[in-house]
Every structure is written in structure tokens, then in C-alpha cells.
Amino acid sequence: MSDAISSEGVDLAYDAGSNSFTSIGEVTDISGPGGQATVIPVSHLKSTFAEKLMGLADEGQITCSVNLIPGDAGQKAMRQARKNKTKTPFKITLTDDDATELTFNAFVLGFSISTSVDTQITGDITLEVTGEVTWSSDAAA
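Residues numbered from 1 in each chain as written. Predicted model: local features only at pLDDT ≥ 70, side-chain atom pairs only at ≥ 80, totals over all residues. Heavy atoms only, no water.

> Residue-level account of the environment of arginine 79, with values.
Relative to the assigned elements, arginine 79 resides in helix α1 (residues 73-84). By relative accessible area, which is 29% here, arginine 79 ends up partly exposed. It is 14 Å that separates the C-alpha atoms of arginine 79 and threonine 122, two residues lying 43 residues apart in sequence. (Helix = DSSP H or I, 4+ residues; strand = E, 2+ residues; numbered from the N terminus. Buried < 20%, exposed > 50% of the residue type's maximum accessible area, 1.4 Å probe, protein only.)

> Tell me about the sheet that holds strand β6 (residues 61-67), residues and numbers included.
Strand order in the open sheet made by the seven strands is β2-β1-β7-β8-β9-β6-β3, with antiparallel pairing throughout. For this open sheet the edge positions go to β2 (21-23) and β3 (27-31), each flanked by a neighbour on one side alone. Averaged over all neighbouring strand pairs, the angle between strand axes comes to 35°, with direction disregarded. When strand β7 (residues 87-93) meets strand β8 (residues 101-114), the two strands line up antiparallel, connected through seven bridges. Residue pairing in the sheet places proline 89 in a bridge with asparagine 105 of β8. Of the strands in this sheet, β1 (11-15), β2, β6, β7, β8 and β9 (122-135) touch α1, which is tilted by about 85° from β8. (Pairing = 2+ DSSP bridges. Axes fitted to C-alpha atoms, helices over the stretch in contact; angles between N-to-C directions. Contact = heavy atoms within 4.5 Å.)

Rendered as C-alpha cells:
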């Protein structure tokens, strides 16, 4: 039997204040975090191969798509955070037995909408992570 985790029930929420998280409505997919560290070249004239150091880790971006619900409190908050350039705490809760949480701070870089004939209107939210993404499952390790 596989130990794979179902995506059904995964939640993306933001801190609405006082560590009270509010879900973003009708999220259909989440991608990220997936950043990487920078590479610092340190080769010199006597180097026979490229020499490097690892720079700062960058958690990158998290993107998600939503079914657009203009009145949804979470979607409204994302548009407002983008407008105000607000660093916001976020939490992604997975559906494993431990309900693993990924917590991080991010800026909302973008909130775009798209539609076409015979489809629902969707939105894409881009979060720029600042600092570390913490996995609750790593704390127990």
C-alpha cells in the first residue's frame, strides 16, 4: 500500500491577525515552494575546475490558482496585500496523518484573472517567500 498523500483537503491560509489563519477560498492548485540557493563563484587563476560556495537559500515563489470569487475574504485579502505591499504570514496544511504545516512569510506579487469561452473565471496568485519555509514535520525529526 502506498503512503502517498491525497491533495483533497489541502488548505492555503493567511494570518488575518493575532495568529488567526483564514483560508483562501476555492484554491485549485498550489505549486512551490521550490527555491534554491545562489552559487558564489570563487575560482581563481590557479583553479583547475570551477570552485564555488553556496550562498543564501532562497525559498522562491509559491503560486496558486483559484476559482475567482470576488467576495471571498481570502481572495480580497490577497488583492489588498498586493496593493499595500504587505508581508503576510501564510500556512499550507497538508492532508497526511500528522496534518503537516508549511509556514512562511510572503509578499503577494500578483493576482491576475483569466477566462475564456465556456469556462469559469479563474485567478492566479503569486507569493514571493521571504525567509525560511518551516515544515512542522521537521520539528519532530
